[in-house]
Amino acid sequence: MIQDWTDLGKEMWSYLTGKSAVINYTFIDMAVEVPRDIGPDAPRATWKLNGTLRVTTSEGPAVESIAN
């Protein structure tokens, strides 16, 4: 049963593992506010994303390295 984002991520990873799945996300000027503490008034760090994130699944040890 999926109750939060971490559960969803685990379920997706489990489903895609072994299928040689590759998921590409492209971000253009995306800002993410990451809270340091709990609560609506908690201080936040702002992460800015501009580029591509690639998620690859496999059943064995990682064989591909990330190249810039």
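The present account deals with the structure reproduced in this document. Residue numbering note: each chain is counted from 1, following its sequence as written. Only residues with pLDDT of at least 70 are given local features in this predicted model, and only at 80 or more are side-chain atom pairs given and counted; all residues enter the totals for whole chains, interfaces and linings. Remark: hydrogens and water are excluded; side-chain values derive from all non-hydrogen atoms of the structure.

**Concerning the overall build of the protein**
Numbering of helices and strands runs from the N terminus; a helix is a DSSP stretch of H or I covering at least four residues, while a strand is a stretch of E covering at least two. The secondary structure content of the protein amounts to 1 helix and 2 strands. Scanning the protein from its N terminus toward the C terminus, one meets helices and strands in the order α-β-β. The buried share among the 68 residues of the protein stands at 7%. Considering only contacts in the protein between residues 6 or more positions apart, those separated by 24 or more positions represent 49%. As displayed, the protein has an accessible area near 6,400 Å², and 56% of this comes from carbon and sulfur atoms. Only protein chains enter the accessibility calculation, which uses a 1.4 Å probe. A residue is then buried if its area is under 20% of the maximum for its type, exposed if over 50%, and partly exposed in between. For this analysis, residues touch if any pair of their heavy atoms sits within 4.5 Å. Note on areas: Shrake-Rupley, 1.4 Å probe, and residue coverage restricted to the protein chains presented here.

**Side note on unusual backbone geometry**
The backbone of Asp-29 sits at a positive phi, close to 50°, despite the residue not being glycine. Note on placement: Asp-29 falls in strand β1 (residues 22-35).

**Concerning the packing of aromatic side chains**
What counts as a ring pair is set by centres within 6.5 Å for rings of Phe, Tyr and Trp (its six-membered ring), and what kind of pair is set by the plane angle: stacked under 30 degrees, edge-to-face over 60, tilted for all other angles. Summed over the entire model, instances satisfying the criterion amount to 1 aromatic pair. Consider the rings of Tyr-25 and Phe-27, whose centres lie 6.5 Å apart with planes at 20°: the pair is stacked. Judged by its relative accessible area of 35%, Tyr-25 is partly exposed. A residue is classified by how much of its surface remains accessible, and Phe-27, at 19% relative accessible area, is buried.

**A closer look at the layout of surface pockets**
With a 1 Å grid spanning the protein atoms alone, the term cavity applies to any set of points in which a 1.4 Å probe fits but cannot get out, the term pocket to an open set with protein on both sides within 12 Å along at least five of seven lines, and the term lining residue to any residue with an atom within 4 Å of a point. Grid points are joined across faces, edges and corners, and a volume is the space filled by probe spheres set on the points. In this structure, the second largest pocket occupies an estimated 280 Å³ of space. In terms of lining residues, the second largest pocket is bounded by Trp-5, Leu-8, Gly-9, Met-12, Trp-13, Leu-16, Ile-23, Tyr-25, Val-55 and Thr-57. At the level of elements, α1 (5-16) and β1 are the ones that each hand at least two residues to the lining of the second largest pocket. Broken down by element, the residue count for the lining of the second largest pocket peaks at 6 residues, all from α1.

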